[in-house]
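Each chain, letter by letter, is given below.
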Amino acid sequence: MLRDMMANFELYQPTAIDHALNLMNRYGDGGWVLAGGQDSFDWFKDRAKKPGAVIDINGIDDLHGIRETADGIEIGALTTLTEIETSALIKEKYGVLADAARHVASPQIRNVGTIGGNVCQDTRCWYYRYGLDCYRAGGNTCYADTPEGIDREHCLFGADRCIAVSPSDTAPALVALDARMVVVNGDGEKEVQAEDFFIGPDVDIMRMTILQPGDLLKSIVIPNTWAGARFYFEKVAERNTWDFALVNIAAAMKVDNNAIADIRMACGGVACVPLRLTVVEEVVKGSPQNGASADLAASAASRGATPLNYNGFKIPLMESLVKRAIRES
Amino acid sequence: MNTNFSREVVLSDDEAMGRAGMSRRDFIKGIIATGASISAMGYVFGGCAGDMSSAPGAVERLISLNVNGRVRRVDVLPQETLAMTLRYKLGLTGTKLGCDRGECGACTVLVDDVAMYSCSTLTHRVRGRSVVTVEGLEGEDGDLHPVQRAFIEELGPQCGFCTPGQVMSAVALLNINPSPTREEARVAMSGTLCRCGAYDNYLNSVMRAAKEAS
Ligand SMILES: Cc1cc2nc3c(=O)[nH]c(=O)nc-3n(C[C@H](O)[C@H](O)[C@H](O)COP(=O)(O)OP(=O)(O)OC[C@H]3O[C@@H](n4cnc5c(N)ncnc54)[C@H](O)[C@@H]3O)c2cc1C
Ligand code: SF4
Ligand code: FES
Ligand code: FES
């Protein structure tokens, strides 16, 4: 198999949202939205996905940039990860997102990769990415969840035929910040909570987000709720550059008199979605921000985790990250 | 795709090159320079161009690219990456292809001063923008760029394969941050892999280039 040159496709470069939506409608399943392309090109080069038409949305000015609004900020879907990492506004108010963006891939990928592409990217399960016809690709087996399958990077929670995990570093930060995703299609515009934007295999095994063909992620809105709160982000990966998170964690916390007044926390790399740790939040709310609360939080976090053959290490890893997030936010 | 794939060129390959005392590299550069680059394309993209009739609104194939300050007309496939165009159509083989997957940085070039992986950029994306490759760094008098000089003085490269990418990453960094800390330089250079592990030498080179410019 030729694995380097991409298969032929029609390339469109619309400059207005309407024009892009028309093209997306026209091509339906056979169309592919291209933002920075840093996830897409692997699929094309490996010939695991062969869209007939690629709709490069980068020329649409309305999808770029970070704006301050009455209620917080709005980040255009095409804003690059470098722009997010270096934005004074984001660093000042929502540092956890700047931190998460800084941990993605490599500087060159962050210069081109967009926040929209980062949250919409597909899972990294190598069986699937290799182009095998597993459940997620529309087949009827999972190659990872077998006695011989290498499932070291796979999930602890929410397995349902597919055991793949959410790869994104920014997604947990957006869930922790209670962000909303603004989605447009031919019928108009709607807002979806970040937490509901990501879906597991129980909802649809062939998608990672609610986006259907014809849907465009327009922007991400972050409300003022957590602006300037205490934050924590940590990513554990094999290497500091290029590697995806084995586990990552994002937390936003408000502390009053050394007691945790309010908290939101989400964990990546352990489920098909960035997993909001609601039980942890409930356990520590009102408790002092100290080691004892952190210990309680850690055991609450991993409750219900179901390790696979090779990923048991993710349980203590997740617990450690939760502890540190509680202690060091 | 032009099917006028010159058999003479293919058949003359190594034997003819040897007789003429040419290296393979000169040979490839030669055919590119003489406008026979379509032949080279036949070799690289052989058979996968398919039906190229374009639907309305799709990109035009014949485009102008600004590379190293020169505007050049090139015939570019919709799915062609910048690395392919630079190396196999414009003869700019200083830009290396290591992984072709965004995982090594050997293909790093500057587009409007921003470092990116040319293996992971569609050529059609850089229309109307300014592309700089390692070939474009030298001064008008042919002098090496200060970053290149510093790389030589500090014995930065070992085998040299990753060097163009390292140089371009360093130039991108110093453009926006002329006096980086060693840690800042380390982060900025982290997207370019060195199989020889010459990272420290490269960092010394970047720090020297920064110091000499100040
Ligand atoms: C070597 C390597 C290492 C990486 N490491 C990391 C990492 O450590 N952490 C991490 O989080 N990611 C990582 N990535 C993944 C990814 O490339 C980047 O995160 C990047 O942000 C993707 O953005 P993009 O704009 O380039 O995506 P694209 O490839 O353009 O798009 C990705 C997907 O999202 C869809 N899409 C994009 N924008 C929209 C939109 N506005 N509306 C609807 N659909 C859209 C596309 O159709 C496509 O399916 C890595 C990738 C590579 C190649
Ligand atoms: S884990 Fe999911 S993506 Fe991977 S092989 Fe199994 S079904 Fe496919
Ligand atoms: S060749 Fe482009 S990153 Fe390796
Ligand atoms: S010098 Fe050999 S790969 Fe870097």
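Look a little higher up for the structure.
Residues numbered from 1 in each chain as written. Chains lettered and ligands numbered in written order. Predicted model: local features only at pLDDT ≥ 70, side-chain atom pairs only at ≥ 80, totals over all residues. Heavy atoms only, no water.

Enquirer: How should the overall build of chain A be read in this particular structure?
Expert: Check the secondary structure of chain A and you find 13 helices and 12 strands. Each of the three principal axes of chain A carries a C-alpha extent, and together these read 60 × 55 × 35 Å. Counting the 329 residues in chain A, one finds 57% classified as buried. Excluding contacts between residues fewer than 6 apart, the proportion of contacts in chain A whose partners are at least 24 apart in sequence is 65%. Surface exposure of chain A reaches about 12,600 Å², of which carbon and sulfur atoms provide 47%. Each charge class in chain A can be summarised by its mean position, and for the 32 positive and 44 negative side chains these summaries are 3 Å apart. (Helix = DSSP H or I, 4+ residues; strand = E, 2+ residues; numbered from the N terminus. Buried < 20%, exposed > 50% of the residue type's maximum accessible area, 1.4 Å probe, protein only. Contact = heavy atoms within 4.5 Å. Areas by Shrake-Rupley, 256 points an atom, 1.4 Å probe, with all protein chains shown as cover. Lys, Arg positive; Asp, Glu negative; His and termini not counted. Charge placed at Lys NZ, Arg CZ, Asp CG, Glu CD.)

Enquirer: Would you mind showing me how to read the pairing of strand β1 (residues 62-67) of chain B here?
Expert: All names here are of chain B. Only one face of β1 is covered, namely the face carrying I63, L65 and V67; the face carrying L62, S64 and N66 is uncovered. Pairing of β1 with strand β2 (residues 70-75), which is carried by 6 bridges, proceeds in the antiparallel orientation. Looking at β2, one finds that S64 is bridged to R73. Taking the residues between adjacent antiparallel strands as the criterion, β1 and β2 are bridged by 2 residues, where N68 takes a positive phi near 50 degrees. Pairing of β1 with strand β5 (residues 130-132), which is carried by 2 bridges, proceeds in the parallel orientation. By the bridge assignment, N66 is partnered in β5 with S130. (Pairing = 2+ DSSP bridges.)

Enquirer: Before we go on, may I ask you to explain the interface of chain A and chain B in this structure?
Expert: In many analyses, interface size is given as the accessible surface area lost on bringing the parts together. Each partner contributes to the interface: chain A provides 34 residues, whereas chain B provides 42 residues. Of the roughly 2,900 Å² buried where chain A meets chain B, counting both sides, 52% is carbon and sulfur surface. Taken as a group, M5, Q108 and W242 of chain A account for 24% of the area that chain A buries against chain B, more than any other trio of residues on that side. At the surface where chain A touches chain B, the tally comes to 3 salt bridges. Note that K45 of chain A is salt-bridged to D100 of chain B, the shortest N-O span being 3.0 Å. Summed over the shared surface of chain A and chain B, the result is 17 residue pairs in polar contact (both at pLDDT 80 or more). Across the side of chain A that touches chain B, the residue classes break down as 15 nonpolar, 9 polar and 10 charged. (Buried area = accessible area lost by both parts, 1.4 Å probe. Salt bridge = Lys/Arg side-chain N within 4 Å of Asp/Glu carboxyl O. Polar contact = N/O pair within 3.5 Å; in protein donor to acceptor, adjacent residues only side chain to side chain. Nonpolar A, V, L, I, M, F, W, Y, C, P; charged D, E, K, R; others polar.)

Enquirer: How should I be thinking about the site of ligand 2 in this particular structure?
Expert: Residues in close proximity to ligand 2 total 13 residues, the closest being C125, C134, C142, C162 and I163 of chain A. Across the shell around ligand 2, the residue classes break down as 11 nonpolar, 1 polar and 1 charged. (Near = heavy atom within 4 Å.)

Enquirer: For this particular structure, what's the right way to read the sheet that holds β5 of chain B?
Expert: The strands that make up a sheet are held in pairs by hydrogen bonds between backbone atoms, and each pair lies either parallel or antiparallel. All names here are of chain B. Spatial ordering of the open sheet is given by β2-β1-β5-β3-β4, a layout of 5 strands whose pairing is mixed. What marks the edges here is a single partner per strand, and that holds for β2 and β4 (114-117). For this sheet the average axis-to-axis angle between neighbouring strands, irrespective of direction, equals 40 degrees. Where helix α6 (residues 163-176) meets the sheet, its contacts fall on β3 (108-111), β4 and β5, and the angle it forms with β3 comes to roughly 35 degrees. (Axes fitted to C-alpha atoms, helices over the stretch in contact; angles between N-to-C directions.)

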